[in-house]
Number of protein chains: 2
Amino acid sequence: MEPRSLLRLLFLLLAALVLLLIHSTRSYLHLPNSPSTLRRPLLNSRPRPTTTVSSQSSHESDVPHHPLDPLTIQEINTARSIILSYHPFSSSPSSLIIHSLVLQEPDKPVVLSWHPGLPLPPRRASTIIRFLNSSYSLTIDFSTKKITSNPLPSSGYPTMTIEDMNSACWAPLSDSNFNATILARGVRLSDLACLPISSGWFGPQDEHRRLIKVQCYSAEGTANFYMRPIEGLTVLLDLDTKQVVHISDVSPDIPIPKSSGTEYRFDSVSLQDSHKTKPLNPISLEQPAGPSFEIQNGHVVRWAGWEFHLKPDPRAGVVVSAVRVTDPETGEKRRVMYKGFTSELFVPYMDPTDAWYFKTYMDAGEYGFGLQAMPLVPLNDCPRNAKYMDGVFAAADGRPYVRQNMVCLFESYGGDIGWRHSESPITGMGIREARPKVTLVARMAASVANYDYIVDWEFQTDGLIRVKAGLSGILMVKGTPYVNMNQVPKNEEMYGTLLSENVVGVIHDHYITFHLDMDVDGSENSFVKVKLEREETDQKESPRVSYLKATRHVAKSEKEAQVKLNLYQPSELHVVNPSKLTRVGNPVGYKLVPAGTAATLMDPQDPPQLRAAFTNNQLWVTPYNKSEEWAGGVFVYQSKGEDTLAVWSDRDRSIENKDIVLWYTLGFHHVPCQEDFPIMPTVYSSFDLKPVNFFEYNPILKSPPNLEKDLPICNAAASA
Amino acid sequence: MEPRSLLRLLFLLLAALVLLLIHSTRSYLHLPNSPSTLRRPLLNSRPRPTTTVSSQSSHESDVPHHPLDPLTIQEINTARSIILSYHPFSSSPSSLIIHSLVLQEPDKPVVLSWHPGLPLPPRRASTIIRFLNSSYSLTIDFSTKKITSNPLPSSGYPTMTIEDMNSACWAPLSDSNFNATILARGVRLSDLACLPISSGWFGPQDEHRRLIKVQCYSAEGTANFYMRPIEGLTVLLDLDTKQVVHISDVSPDIPIPKSSGTEYRFDSVSLQDSHKTKPLNPISLEQPAGPSFEIQNGHVVRWAGWEFHLKPDPRAGVVVSAVRVTDPETGEKRRVMYKGFTSELFVPYMDPTDAWYFKTYMDAGEYGFGLQAMPLVPLNDCPRNAKYMDGVFAAADGRPYVRQNMVCLFESYGGDIGWRHSESPITGMGIREARPKVTLVARMAASVANYDYIVDWEFQTDGLIRVKAGLSGILMVKGTPYVNMNQVPKNEEMYGTLLSENVVGVIHDHYITFHLDMDVDGSENSFVKVKLEREETDQKESPRVSYLKATRHVAKSEKEAQVKLNLYQPSELHVVNPSKLTRVGNPVGYKLVPAGTAATLMDPQDPPQLRAAFTNNQLWVTPYNKSEEWAGGVFVYQSKGEDTLAVWSDRDRSIENKDIVLWYTLGFHHVPCQEDFPIMPTVYSSFDLKPVNFFEYNPILKSPPNLEKDLPICNAAASA
């Protein structure tokens, strides 16, 4: 045999070994380090554990205490046993792949009527399974050990398992043409790093099987392989069989960008660094008396009058439930929101060419926004005063595993002012009143391959909830033959910005759609647009020509509540309880207050936009329907857009004085710039849920000022 | 004499005494406490000093060190002497009123060519004076002691002095009809608190004299007299003669709202408080090794590679100048912005009736945004680690005074993330890199009567400057006969929200217009709109129907740079240096990134909107012109809108590759809600100046992570 054929054989054997490992029932957590060592030996010199196998460990979440508590390790094990003995799975348990195994929350009235001290309502699990190339949606009752089958969506596939993604990365290596192409590009197979890229849906040809596209990078000389694309090479794979369906290689002559300047790990950049700026003196949020919040039984958080249930979720990331706030006047705990979470993301790239057009990610439904949420880094992802919460998820084989430190909770004070007033010299009253603004942040950060999404639920003492998303991580870049803009022909379309030699940051959008089941002082609420419009005066009566007039429009049905924000036709967006009035007769409410955002400009008939039609408006309001949680549908993977929020809303159901759900989409246009290379400074945006005539008066009127005597006494750092 | 006549006489005498005091050459700082004690004896039980008379004190700003340093105490005294001996003022020095006395900054090239070690360029002062009912604009040269006269605007009057405002509040008391009206409302004159309200301009009838309107409140039983309006009573005064021109009393039957529930001072509310929530544990930003910034010679700030000049200003509040940032790669200090400040505010109320239509405040040009900036409250307005800067201003008599703690500077860390990346299980590389986000904040807070505006200039380590405005303080409310919404006739216009019994919070807008003289790597810059537009594909070539395409449009002249933001026609707004390219050939730039904002919806021909036509667009770009600093014109008071940014911009001057100035307006619509009663939780919004291909790569790539060993060791509070 020739040396080249030998090499090919060696890799085929290796690939087969890997596939064998993947198809075993062991979770990815049990995968040996060797394949990864083989791929990127340099990078694994200091492996760090990301998760802990804990089927034997005694975890604090072993016993559920609240109807909304996630499945415990024991419940996941029990559910797995029930599933494995269920016909037809019992006939071939090794063919079973569990795509999702989570708590099936009790019906809303059951949860609302429960209170501590009462026994928990019956515990059930909900599971999505692939078995012999078919999907199953099942409910498992823990008390009866019975399984019931649920109807399936008409199109699409379940969220990928981590094992799907891993195996997709390896599968191309079983194809000799692929390996030859890689070697022809001058990349050693041991330096190869590949990414599984959801292929979207672009017509009927894609419907009959689970497909994925794989693109690869050279990790030679850098941990930041994302900056070294093997441009134009796309492998189409069957996700169930792991067989290569097609290889496309449209730009074999584009060089792989250099590795220098791409590192971001501190150990690596500090070695290279010759112009290191003087580090800042330490600054720290200090609470020597400890935090003011408590986490009861692992999930119920109480702080400054707030109470809510917080849990990690493999698809949504975190779920905030049963949010109540204490009325400072009566001491009553009042309902604000039943459930809030990241329902879906949509990240379309703006390059229609062969290797890019399909990059239209839906990170929650395709990849699992929570599955991709890695352990937070203490002192850096969250401040020193943070407490952490673990996620307990099920692997593809149904075994439980613990994602440590997946969520953090901390009190924040950055120097902002809660309220203030000084009397000016005009009145000479000498009043100087100010209150510091302290908030409580619940944070998670998902790393969906290159991109990092930080999601904060920030609770303020004044009754406001700020939902904040931060975008960081690494760009998805495109190889280009050019090293300078002066080489680019005048009319050549770049689809982005030249960030470094041979590297283009491709323009893309991010849309994050939040499910916000508001329950303002009860479940029956109405959505009111308070329109602000110019009113012309009768100029005989006023020297003014115009003023701004507010009029209230109660949305009767869903279509009236489809909102496209417009700076020139502004509305306040209220959720009110029409049956509950304040002392002076205003309906109690919360309003959704957008901040910076972006709107999708893609053609509504573009296939990715059809699938992500839930981004067509910034706000929608639907009547509560337990099955309508995921804005892109339950089975988003390769979905055709038949089961999106847009489809539901177009039914135009009645929403007046009903249990209603708000859906808000936070958008970002991202035209990359060189400052985003090789890793992006975080860009934040947010929106607020803000009390509007919910309280009789300013709920932080009586909060005390900071006094020197209450502040900590701090000494220099331990190392000083 | 009847007792009533006696009382009237007594108050006439008192008023005369006050007017006499005001017309003396002594500054308001020297006013005895007695008038205020007379008015609100309850409130002055614990007077706190707001300012310090310091003409004798040795202040650190006694010697200027930088061409942009504000006038020192000694320079103000010198300027006053020169002014007093200037003909014609020397003939009647007691008739002289100094409305403004500030540094006349040297020409920009002079400042740019100066560097430490060189002698300061010649110091000059600029002053605006009223003398015998005429205005003067003069320049004083300190070396020659010469005064030169400058041309005056064609309409309008100078910013009011504090003494104008004070005397206006007292002048109505000299009118017996006014006093009778007050007593008829059941208000004791000793409980009266009045506000000077700029009367705007509503036609030629208002042009020939300086006018102001005065409205009053009852301060009985509360420091928060703003919540107790004597509704419908408006006194029109001549500001120069202090004579009552007209009294309007349109709604004598509207009751004065109650005092209960209106207090906000901690001492007062804590006494009333029966449902006090448990206070939060202390939280503090701690820096045991001290802050990382230095303030050189009182005004030059250096931090994390940033260098800028910071100074208080009586009209703008604070001025940030000569902003440079260190390039982390070359160590070079690179120019970013020559000068940034709050140029004007516009606050129109949306009620066209007699007592409200004219409330269309322009707080910088009418009241002096800096004049109204009171001392910040340590630990509450600014965190414990803050440093403070005083303002040195001239009173109406030309004497200097010190506004202590007017500006604070502090490093902020609220737990946000500078950048992060985790490798997901897909690649198994175990990377967990994150960096905390620490910023430097320069803050001032102006209390323009009821409202408090917080302005933050926040410098980030990644080269971004965030300009943030916070709105707090107290609403301007309207009396109403109604105590509950169920009493309001269906079609009755409220112009706002019923906040409490007999109290309506009137709808209003806030516009804050910033002057941003960007100098990106030099003065010659261009403004580029990077338009993002849908591009339809050739569907034979791509399965995608559409994508978002970015095209660069360089604005040739001013009209091309008048920007109305639109979510559906988005543009990035770049200031670039066309002569300076990055290594890969992108023009270096900064972009202005709006966040939440509001657009004016008033009729462009409405007189207040004509005067505030600078708010007609969110962004304007003008060629640098030293005389174009104040968006509403130099003389805003009673201006007709003849000298606004809108007028300048319509000249459509060339702006390509020129020294250009950006003007951005941050807007807020405010429909009050009960949570704003009796004092408003702060509402924040902001915009960013963000490097875009300014740096070759992420400038915080090499910043170190937080390590436990560097953090402070803190113990319980001192009082524990």
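Conventions used here
- Residues numbered from 1 in each chain as written.
- Chains lettered and ligands numbered in written order.
- Predicted model: local features only at pLDDT ≥ 70, side-chain atom pairs only at ≥ 80, totals over all residues.
- Heavy atoms only, no water.
- Helix = DSSP H or I, 4+ residues; strand = E, 2+ residues; numbered from the N terminus.
- Buried < 20%, exposed > 50% of the residue type's maximum accessible area, 1.4 Å probe, protein only.
- Lys, Arg positive; Asp, Glu negative; His and termini not counted.
- Salt bridge = Lys/Arg side-chain N within 4 Å of Asp/Glu carboxyl O.
- Contact = heavy atoms within 4.5 Å.
- Phe/Tyr/Trp six-rings, centres within 6.5 Å; stacked < 30°, edge-to-face > 60°.
- Least-squares fit on C-alpha atoms with pLDDT ≥ 70 in both.
- Domains from an automatic or database assignment.
- Buried area = accessible area lost by both parts, 1.4 Å probe.
- Polar contact = N/O pair within 3.5 Å; in protein donor to acceptor, adjacent residues only side chain to side chain.
- Expected span 1.5 Å × (residues − 1).
- Nonpolar A, V, L, I, M, F, W, Y, C, P; charged D, E, K, R; others polar.
- Pairing = 2+ DSSP bridges.

(A) Expanded view of the side chain of B:E344. All names here are of chain B. Take E344: it is sitting in strand β14 (residues 333–348). R315 provides the closest opposite charge to the buried, salt-bridge-free E344, at an N-O distance of 4.0 Å. Beyond its immediate sequence surroundings of up to four residues, E344 is in contact with R315, M362, D363, A364, G365, Y511, I512, T513, F614, A631, G632 and V636.

(B) Quick peek at the pattern of salt bridges. All names here are of chain A. Tallying each qualifying case throughout the model produces 102 salt bridges over all chains. Salt-bridge contacts for D659 lead to K108; the nearest nitrogen and oxygen are separated by 2.7 Å. Taken as a pair, D659 in strand β33 (residues 658–670) and K108 in helix α4 (residues 108–113) lie far apart in primary sequence, 551 residues in all. By the burial criterion, D659 is buried, and K108 matches it. The residue E629 makes a salt bridge to K339 at a minimum N-O spacing of 2.8 Å.

(C) Quick peek at the packing of aromatic side chains. Taken as a whole, this structure holds 54 aromatic pairs over all chains when the rule is applied. Taking the centre distance of 5.8 Å and the plane angle of 50° together, the rings of A:Y349 and A:W356 count as tilted. The interplanar angle of 25° and the centroid separation of 6.2 Å between the aromatic rings of B:F346 and B:Y511 together place this pair among those described as stacked. Taken as a pair, B:F346 in strand β14 and B:Y511 in strand β26 (residues 508–518) lie far apart in primary sequence, 165 residues in all.

(D) Examining the environment of B:I128 more closely. All names here are of chain B. With respect to the helices and strands, the residue I128 is situated in strand β2 (residues 124–131). Here I128 falls in the buried class, since its relative accessible area comes to 12%. In this structure, the C-alpha to C-alpha distance between I128 and F635, residues 507 residues apart in sequence, is 9.8 Å. Contacts of I128, omitting those with residues within four sequence positions, involve I97, I98, H99, S100, Y136, S137, P158 and F635.

(E) The relation of the copies chain A and chain B, seen in detail. The two copies are related by a screw operation: chain A maps onto chain B through 180° of rotation and 0.0 Å of translation along the axis, at an RMSD of 0.0 Å. Put plainly, the chains are arranged around a two-fold axis. Most of the interface of chain A is mirrored in chain B: 100% of its interface residues are interface residues there too.

(F) Molecular detail of the domain arrangement of chain A. Residue and element names in this part refer to chain A. Its domain assignment divides chain A into domain 1 (63–150) and domain 2 (294–346 + 361–412 + 438–475 + 507–671 + 685–706). For domain 1 and domain 2, the distance between their C-alpha centroids amounts to 27 Å. Counting residues at the interface gives 25 residues for domain 1 and 27 residues for domain 2. Note on domain 1 versus domain 2: buried area summed over both sides is about 2200 Å², and carbon and sulfur give 60% of it. In terms of surface lost to domain 2, no three residues of domain 1 exceed R80, E105 and K108, which account for 28% of the buried area on that side. Inspection of the region where domain 1 meets domain 2 yields 6 salt bridges. Applying the counting criterion to the domain 1 and domain 2 interface returns 11 residue pairs in polar contact (both at pLDDT 80 or more). Of all the elements, strand β2 (residues 96–103) adds the most residues to the side of domain 1 that touches domain 2, at 6 residues.

(G) Just helix α3 (residues 73–84) of chain A, in detail. Spanning 12 residues, α3(A) covers 17 Å between terminal C-alpha atoms, matching the ideal 16 Å at 1.5 Å per step. Listing the buried residues of α3(A) in full gives A:I73, A:E75, A:I76, A:A79, A:R80, A:I82 and A:I83.

(H) The interface of chain A and chain B, seen in detail. Listed by partner, the interface residues are 203 residues for chain A and 203 residues for chain B. Interface area for chain A against chain B, summed over the two sides, is near 17500 Å², with a carbon-plus-sulfur share of 56%. Looking at the side of chain A facing chain B, the largest losses of area belong to A:I283, A:I426 and A:R544, adding up to 5% of the total buried there. Run the count over chain A and chain B and you get 16 salt bridges. Linking A:R544 and B:D606 is a salt bridge whose minimum nitrogen-to-oxygen distance equals 3.6 Å. Linking chain A with chain B are 104 residue pairs in polar contact (both at pLDDT 80 or more). Ranked by residue count, the leading element in the side of chain A that touches chain B is strand β34 (residues 680–692) of chain A, at 8 residues. The residue inventory of the side of chain A that touches chain B, partitioned by class, reads 104 nonpolar, 53 polar and 46 charged. Of the pairings in the sheet, the one linking strand β10 (residues 284–286) of chain A to strand β9 (residues 284–286) of chain B comprises 3 bridges and is antiparallel in character.

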